[in-house]
Amino acid sequence: MRKGTLEYEHALDAVIEILRSRARQGAAPIPYGDLSSELARLGHDVPAHEGPMPYLLEDASVRESPDGSLPLLSALVVLKDSGWPSGGFFKLARRAPYRRPGDDVVL
C-alpha cells in the first residue's frame, strides 16, 4: 500500500472512522496491534509497527485538524506495553501547526 493510492485513501478513511468512534466513546486508547487487527477486519492490510501505519496515523491527525485547533486523533493509538503513543506521535505533536508541549519521556 502506497501513500496517494486509492487503497491508501480507503485505509485512511477507515483509520479516521475507528479513531473518531473511540473518541466519541470517551477516548479509550487502542494499541497499535488492535488497530491493525481492526483494519484487517475491514479489509486493509496494515501491519502494526511498519509499512503505512505511521503515515496513516499522521495523515489522520492532519486531516482532522489541519490548523492544529483540534486534538490529534493519533494520540489514541498507543504501545501495548507502555500505554503511550510512539515517538512519531510526539514528533508530530511538537511540529507546526500543532506545537503541543511535552515530550515522550516516561517519568
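See the structure above.
What counts and what doesn't
- Residues numbered from 1 in each chain as written.
- Predicted model: local features only at pLDDT ≥ 70, side-chain atom pairs only at ≥ 80, totals over all residues.
- Heavy atoms only, no water.
- Core = buried A, V, L, I, M, F, W, Y, C linked by side-chain atoms within 4.5 Å.
- Buried < 20%, exposed > 50% of the residue type's maximum accessible area, 1.4 Å probe, protein only.
- Helix = DSSP H or I, 4+ residues; strand = E, 2+ residues; numbered from the N terminus.
- Contact = heavy atoms within 4.5 Å.
- Polar contact = N/O pair within 3.5 Å; in protein donor to acceptor, adjacent residues only side chain to side chain.
- Phe/Tyr/Trp six-rings, centres within 6.5 Å; stacked < 30°, edge-to-face > 60°.
- Salt bridge = Lys/Arg side-chain N within 4 Å of Asp/Glu carboxyl O.

Visitor: Mind showing me how you'd approach the nonpolar core here?
Guide: Inside soluble globular proteins, nonpolar side chains tend to come together where they are buried. The biggest cluster of nonpolar side chains holds 21 residues, and the ones touching the most others in it are Leu19, Leu35, Leu39 and Leu57. Looking at this core, the element that brings in the most residues is helix H1 (residues 6–24), giving eight residues. Apart from residues lying up to four places away in sequence, Leu35 is in contact with Ile18, Ile30, Met53, Leu57 and Val77. With six residues, the next largest nonpolar core counts Leu72, Phe90, Leu92 and Ala93 among its residues.

Visitor: Whenever I open this one, the side chain of Ser65 confuses me. Can you help?
Guide: Within the secondary structure layout, Ser65 lies in the loop between helix H3 (53–64) and strand S2 (77–78). A distance of 3.2 Å separates the side chain of Ser65 from the backbone nitrogen of Ser69, its partner in a polar contact. For Ser65, the side chain forms a polar contact with the main-chain nitrogen of Leu70, separated by 2.9 Å.

Visitor: Explain the packing of aromatic side chains to me, please; I cannot follow it from the model alone.
Guide: Each pair of aromatic rings is reported with the distance of its centres and the angle of its planes. For the structure on display, the rule yields two aromatic pairs. Ring geometry for Trp84 versus Phe90: centroids 5.8 Å apart, planes at 35°, classification tilted. Trp84 sits in the partly exposed class, given a relative accessible area of 29%.

Visitor: Explanation requested: the pattern of salt bridges in the structure shown.
Guide: It is possible for side chains of opposite charge to pair when their charged atoms get near one another. Counted under the stated rule, the structure contains seven salt bridges. The closest approach of N and O atoms between Glu9 and Arg63, which form a salt bridge, is 2.9 Å. Taken together, the positions of Glu9 in helix H1 and Arg63 in helix H3 put the pair 54 residues apart, joining distant regions of the chain. Arg63 sits in the partly exposed class, given a relative accessible area of 36%.

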